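# Structural characterization, general
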Amino acid sequence: MSHILILGGTTEASALARALAEGSKRAVLSYAGRTEKPRAQPVPVRVGGFGGIGGLVDYLRREGVTHLVDATHPFAATMSRHAVAAAREAGVAHIMLTRPGWVEASGDSWTHVPDIAGAVGALEGHARRVMLALGRMHVDAFAAQPQHHYLLRFVDVPDEAPGLPQHHLVVDRGPFTVEGDMALMQAHRIELVVSKNAGGSGAEAKLIAARKLGLPILMIDRPPCPAAQVTHDIAGVLEWLGHSAERGV
Ligand code: 3Y8
Ligand code: NAP
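Residues numbered from 1 in each chain as written. Chains lettered and ligands numbered in written order. Predicted model: local features only at pLDDT ≥ 70, side-chain atom pairs only at ≥ 80, totals over all residues. Heavy atoms only, no water.

## Notes on the overall build of the protein chain
Rules: Runs of H or I in DSSP of at least four residues are treated as helices and runs of E of at least two as strands, each being numbered from the N terminus. Radius of gyration here uses only the C-alpha atoms, and the compact-globule reference equals 2.2 Å multiplied by the residue count raised to the power 0.38. Relative accessibility decides the category of a residue: with a 1.4 Å probe and only protein chains considered, values under 20% of the type maximum give buried, values over 50% give exposed, and everything between is partly exposed. In this tally Asp and Glu are treated as negative and Lys and Arg as positive; neither His nor the chain ends contributes. We put the charge of a Lys on NZ, of an Arg on CZ, of an Asp on CG and of a Glu on CD.
Counting its secondary structure elements, the protein chain contains seven helices and twelve strands. For 249 residues, the compact-globule estimate of 2.2 N^0.38 gives 18 Å, and the C-alpha radius of gyration of the protein chain, at 19 Å, lies within 12% of that figure. The buried share of the protein chain, taken over its 249 residues, is 46%. Here the protein chain contributes 24 positively and 24 negatively charged side chains, and the mean placements of these two sets differ by 3 Å.

Here is the structure:
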């Protein structure tokens, strides 16, 4: 009997949980605990870190996990590295479910930067009205460029006000809509949008909204991904589960 651990926090992880529940597969979805009220799931959920690679190995062995699906966000690089190492050490089958990166389309005006620090550096210069669609974890880095007016969007109300002298905070969770993001950008007279190359549909609205409004994008490229088996869709995971079950892993 297989027992699947899904490392979640993405639209695709939730879709996989639904598919496994419908198939009466035994699965648990894991959240880091970054948000106050994570989305309810049709499979049991666990919340919180494992305690590094060793903690994850212990969890895999203790719970009798047979398959580990890393369906975390492409920027959750530490979790993905830990998942590969722990699965190997515990002898558990492993696959990454991740979405392809977005690619610049005609009508887009992207400037690529390698990471958050690169985005901060690229904001050197005259004051502008910038939409920082990066969530909460890295906002403080942008205090190095206090001249801009920032539009921020967090999942939860923060414990303290963001450390940016000129900002407007929207508390909202995705998936977002093109119309909603266009209205938001127009209402705040946004001149530039800063985005991670998350891929997928849940955060894509802002790219389409920026394209329709002719706004430039500062695109933060993904961190390197560990060497592992990867699929971009639920069907790929279900096929992998079927194959590895036949092999009796
Ligand atoms: C806790 C679980 C689902 C998953 C939904 C996806 C889509 C909506 C769009 C913008 C961009 C951003 C952010 C974003 C999106 C989905 C997906 C996605 C981006 C939840 C969730 C958790 C998180 C963590 C949160 C981060 C933050 C990032 C906001 C749940 C809602 C900016 C990423 O306040 C914080 O500490 C938030 C932290 C990591 C990035 C950051 O650096 O702040 N996601 N987001 C997960 C956990 O605890 O393990 O609460 O239900 C999940 C989703 N957020 O099941 O429907 O699939 O990506 N999440 C980015 O892409 O740039 C918002 O505003 O346009
Ligand atoms: P990260 O930097 O790669 O991981 C840092 C630590 O958080 C990990 O070492 C692990 O702690 C814990 N962790 C991360 N994901 C976990 C999970 N799904 N279940 C249990 N523990 C987890 O991760 P992150 O970028 O902070 O992302 C955290 C969560 O938010 C992930 O679920 C991710 O899918 C989701 N998310 C992130 C982003 C983003 O932009 N980074 C966007 C959307 C959703 P231990 O070492 O103690 O095990």
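## Thoughts on the sheet that holds strand β8 (residues 149–154)
To keep it simple, the criterion reads: Following DSSP output, two strands are said to pair if at least two bridges run between them. In this analysis an axis means a line fitted to C-alpha atoms, helices contributing only their contacting stretch, and an angle means the value between N-to-C directions, from 0 to 180 degrees. Throughout, a residue-residue contact means that at least one pair of heavy atoms, one from each residue, lies within 4.5 Å.
Pairing in this open sheet of six strands is parallel, and the strands run β6-β11-β10-β7-β8-β9 from one edge to the other. With partners counted over all chains shown, the strands left at the sheet margins are β6 (110–113) and β9 (167–171), one partner each. On average, each strand axis in the sheet is tilted by 20° relative to the strand beside it, whichever way the strands run. Summarising the sheet, β8 and β9 pair through five bridges and their orientation is parallel. Bridge pairing in β9 places leucine 151 opposite histidine 168. Strand contacts of helix α5 (residues 178–187): β7 (129–132), β8, β9 and β10 (192–196), with the helix running at about 150° to β8, the strand carrying the most contacts.

## Side note on the nonpolar core
Note the following rule: The term nonpolar core refers to a set of buried residues drawn from Ala, Val, Leu, Ile, Met, Phe, Trp, Tyr and Cys, joined through side-chain atoms within 4.5 Å.
Residues Met131, Met185, Ile190, Val193 and Ile217 are the most contacted members of the largest nonpolar core, which totals 20 residues. The set of elements that each furnish at least two residues to this core consists of α5, α6 (205–213) and β11 (217–220). When sequence neighbours within four positions are dropped, the list of residues in contact with methionine 131 reads Leu151, Arg153, Leu184, Met185, Ile190, Leu192, Val193 and Val194.

## Brief notes about the site of ligand 2
So the rule is basically this: Working definition: residue near molecule or strand if any one of its non-hydrogen atoms lies within 4 Å of it. Two N or O atoms form a polar contact when they lie within 3.5 Å of each other; inside protein one atom must be a possible hydrogen donor and the other a possible acceptor, and for residues adjacent in sequence the pair counts only when both atoms belong to side chains. A 1.4 Å probe and the Shrake-Rupley method give the accessible areas. Residues count as covered only by the protein chains that appear here.
The environment of ligand 2 is made up of 22 residues, and the closest members are Gly8, Ser30, Arg34, Phe50 and Lys196. Here an oxygen atom of ligand 2 sits 3.1 Å away from a polar atom, N or O, in the main chain of alanine 76. For ligand 2, whose accessible area on its own is 810 Å², the fraction buried by protein is 80%. When residues of the shell around ligand 2 are traced back to their parent elements, those giving at least two are β2 (26–31) and α3 (77–90). At four residues, the largest contribution of residues to the shell around ligand 2 is made by α3.

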